Amino acid sequence: SMASPALLMRVVASAYSVAEKAATIVRNVMAAGDLAIVEKTGANDLQTKADRLVQMSICASLARKFPKVTIIGEEELTTDEVTEELIEDGHCEEILKRTCPAQYTGIKEEELVIWVDPLDGTKEYTEGLLDHVTVLIGIAYGGKAIAGVINQPYYNYEAGADAVLGRTIWGVLGIGAFGFQLTEAPAGKHIIITTRSHSSTLVNECISALNPDSVIRVGGAGNKVIQLIEGKASAYVFASPGCKKWDTCAPEAILHAVGGKITDIHGNSFQYNKEVKHMNSAGVLATLRNYDYYASRIPNTVKQSLMP
């Protein structure tokens, strides 16, 4: 008889379906036309009805199946009765068929931490920059990001009325990452991708020191890492404290699964155990290839301004 799939593969398979449900909620809220926007700390820190409903859906769906897993979401929500229509019970069969990497076969529920960003790129969502938006579910064990799911609810949205909207990318360390075409940025080109709505003198000083051929400014950490793995950008650089653990956990797992690297601006790796502070206060540096080239060119003035 077949052994039942390892816990990690069951969690990832469920997270895949949960992320697809989340994407449907995101599209439905937008289509209904009332985003119910509230400002959290200011005009660049927004929350919409989609952020709230998606987080409830993801957290409640995963908690029901995996009650001992720690789940940490971006939004501070009251645990009101979650309506049944927000619950997703399905899973992706294809993921369950994969063999769990040996080092993760013995994981217990209480050893996993799931970091959830229900809608990464909320400001862009409210402004109609729909391709910037992602749903992020990152899975951590022993403080490391080991698996992740990124859904792009509006992938393909400019391809015409008949286009199938959305896609789900998933990855596990030791297996790889799937749902996209891995592509390297043009050789010898330094294309920097950075923040769109959280720019600063420091952010720009850091970028100019890297002598880029071009700079892409977009919203969402998930979106930026997708640009790296699809070869549209060669480095994601953010010399500022704004990023949080739920922004980086899923993208980190997917990037690392295909041989890329993400750290803070000093080269320290991120920690994802449940006690860790939520802010990545020393910024972000990520690449699919040639990490050392960019890391060695971060100015000391920038490093001194951003303490972990």
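Nothing here was measured: the structure is a model prediction, and the numbers come from that model.

Novice: What am I meant to see in the domain arrangement of the protein chain here?
Specialist: Interface size is often expressed as the accessible area that is lost when the parts come together. Parsing the protein chain into structural domains produces domain 1 (7–178) and domain 2 (191–305). Just the C-alpha atoms count here: the centres of domain 1 and domain 2 sit 21 Å apart. Contact with domain 1, which involves 41 residues of that partner, is made by 30 residues of domain 2. Counting each side, the surface lost to burial between domain 1 and domain 2 is near 2600 Å², with a carbon and sulfur contribution of 65%. Per-residue buried area on domain 1 facing domain 2 is highest for W115, H132 and A145; these three make up 24% of the total on that side. At the boundary of domain 1 and domain 2, one finds 3 salt bridges. With a closest N to O distance of 2.5 Å, R196 and E127 form a salt bridge. Those elements that place two or more of their residues in the side of domain 1 that touches domain 2 are β3 (70–73), β4 (112–120), α4 (122–126), β5 (134–141), β6 (144–152), β7 (167–172) and β8 (176–178).

Novice: It is not clear to me how helix α5 (residues 201–209) should be interpreted in this structure. Could you clarify?
Specialist: Along an α-helix, a turn takes 3.6 residues, which lines up residues three or four apart on a common side. Those residues of α5 lying buried are L202, V203, C206 and I207. Along the axis of α5, the buried positions cluster into a sector of 135 degrees, meaning they face one direction only. Exposed residues on α5 whose side chains face more than 90 degrees from its buried face are T201 and S208. Where α5 is buried, its residues contact β9 (191–195), β10 (214–218), β11 (235–238) and α9 (300–305). N211, located one to two residues past α5, shows a positive phi value of around 55 degrees.

Conventions and cut-offs
Residues numbered from 1 in each chain as written. Predicted model: local features only at pLDDT ≥ 70, side-chain atom pairs only at ≥ 80, totals over all residues. Heavy atoms only, no water. Domains from an automatic or database assignment. Contact = heavy atoms within 4.5 Å. Buried area = accessible area lost by both parts, 1.4 Å probe. Salt bridge = Lys/Arg side-chain N within 4 Å of Asp/Glu carboxyl O. Helix = DSSP H or I, 4+ residues; strand = E, 2+ residues; numbered from the N terminus. Buried < 20%, exposed > 50% of the residue type's maximum accessible area, 1.4 Å probe, protein only. Arc of directions from axis to C-beta.

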